[in-house]
Amino acid sequence: MNTTTTPKGLFHTPFRLAPEQNVFANRAVRFKELAEQERSDWKDYLLVLAAVCDAQHAVSQNFSLPLPENTVNGILPKAQAEHLPEVFAEIVYALLNKAQPHIQTAAVLQEISTLQNLKPSEIRRLAGEVFDGTCRPAAEIWIQAALQIVWTAWAAQVGEDDVAVTEERTHCPCCGTPAVGSVVLIQSDLSGLRYMYCPLCNSRWNALRAKCPTCGDGGNVRLQHIEGGDTPDLPDAYTAAHAESCKSCHTYRKLYRRDKQQYADPIADDLATLGLDIAVGEAGFERSGANPFLILTED
Ligand SMILES: [Zn+2]
Ligand SMILES: [Zn+2]
């Protein structure tokens, strides 16, 4: 889509980076690593998500998802029921079939068979419930996984220079979803730069480290960290994960330093560092930016 290339300076910092190639496969590997380090029953859920991400990788190779016509200036259609592609239900079925042999949790297998028996129209209705926040949690992870496949495939077709630089840095400039967290990169020319991370389309966009991405305040941002030294049982995700809290707007988002853990992933590592959320929550800060796989159940 992006055919014109503007000459760039030697130290050009791209505002937006397209989704990483093989993002779902890499995330699956990371979920498996984190599951191995997890001592509690939460391990089972991390393993389910590893199977989901492996399935996302496989399924995303098998569907052609051309950029929708209503993509304007690199801005994708919002995640809403009317923007789902025709093949959405087929993507969900393919995900379920691919993941099924790798799932050991009985309740998850039960849900898979329930969803496999739904009609395409019912699958699309479930997606509507996800957008409204009324979907039952067991079904939601599959719908979320399918939405990520679609929006990530689209975002991969948007050229770097097609997306306009926005002043506001909490929402994805490509699809409008609030950032789940941010990553401080280590690639040579981008080393030390912070990129916010989209949990839906996997786009990344640059934001200054010194400023609160939520309210823009520069003076009240603190990084909180849980030291692994006292608790050697903690997953290695804690070495990279910091909660970036702001006393002006009383919110926080997580920031991952790849110089500390080069495979840190803002979706997977988030779910392996929930102790940090508890600590920051107790200190009075509210979380900004949802993780599509952090689905809270009643029990
Ligand atoms: Zn996005
Ligand atoms: Zn703030």
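So, here is what we can say about the structure in this document. (Residues numbered from 1 in each chain as written. Chains lettered and ligands numbered in written order. Predicted model: local features only at pLDDT ≥ 70, side-chain atom pairs only at ≥ 80, totals over all residues. Heavy atoms only, no water.)

### A closer look at the coordination of the zinc ion (ligand 2)
- With distances of 2.3 Å, the protein atoms coordinating the zinc ion (ligand 2) are Cys-212 (SG), Cys-215 (SG), Cys-246 (SG) and Cys-249 (SG).
- Taken together, the 4 donor atoms coordinating the zinc ion (ligand 2) span angles of 106 to 112° at the metal, a pattern that classifies the geometry as tetrahedral.
- Summarised as a motif, the one-chain spacing of the donors to the zinc ion (ligand 2) is C-x2-C-x30-C-x2-C.
- On the accessibility criterion, Cys-215 (38% relative accessible area) is partly exposed. (Donors = N, O, S within 2.8 Å, 3.2 Å for Na, K, Ca; no water. Tetrahedral: all angles 85-135°; square planar, octahedral: opposite > 155°, others 65-115°. Buried < 20%, exposed > 50% of the residue type's maximum accessible area, 1.4 Å probe, protein only.)

### Comments concerning the coordination of the zinc ion (ligand 1)
- Those protein atoms acting as donors to the zinc ion (ligand 1) are Cys-172 (SG), Cys-175 (SG), Cys-198 (SG) and Cys-201 (SG), and they sit at 2.3 Å.
- If you look at the zinc ion (ligand 1), its 4 donor atoms make angles of 98 to 118° with each other, and the shape they trace is tetrahedral.
- Mapped onto the polypeptide sequence, the residues donating to the zinc ion (ligand 1) form the spacing pattern C-x2-C-x22-C-x2-C. Linking Cys-172 in the loop between helix H6 (137–155) and strand E2 (181–184) with Cys-201 in the loop between strand E3 (194–197) and strand E4 (204–206), this pair joins segments that are 29 residues apart in sequence. (Helix = DSSP H or I, 4+ residues; strand = E, 2+ residues; numbered from the N terminus.)

### Structural notes on the nonpolar core
- Ranked by size, the top nonpolar core spans 75 residues in total, and within it Phe-88, Trp-142, Trp-151 and Phe-293 carry the most contacts.
- Of all the secondary-structure elements, those providing two or more residues to this core are helix H1 (23–37), helix H2 (42–62), helix H3 (88–99), helix H4 (106–116), helix H5 (120–132), H6, E3 and helix H8 (268–271).
- At 12 residues, H6 tops the list of elements feeding residues into this core.
- In terms of domain composition, this core takes at least three residues from each of domain 1 (16–155) and domain 2 (165–287).
- With near-sequence residues (within four places) excluded, Phe-293 lies in contact with Tyr-45, Leu-49, Val-52, Cys-53, Gln-56, Ile-141, Gln-144, Ala-145, Gln-148, Ile-267 and Leu-271.
- Among the nonpolar cores identified, the runner-up in size contains 10 residues, and Ala-240, Ala-241, Ala-243 and Ala-264 belong to it. (Core = buried A, V, L, I, M, F, W, Y, C linked by side-chain atoms within 4.5 Å. Domains from an automatic or database assignment. Contact = heavy atoms within 4.5 Å.)

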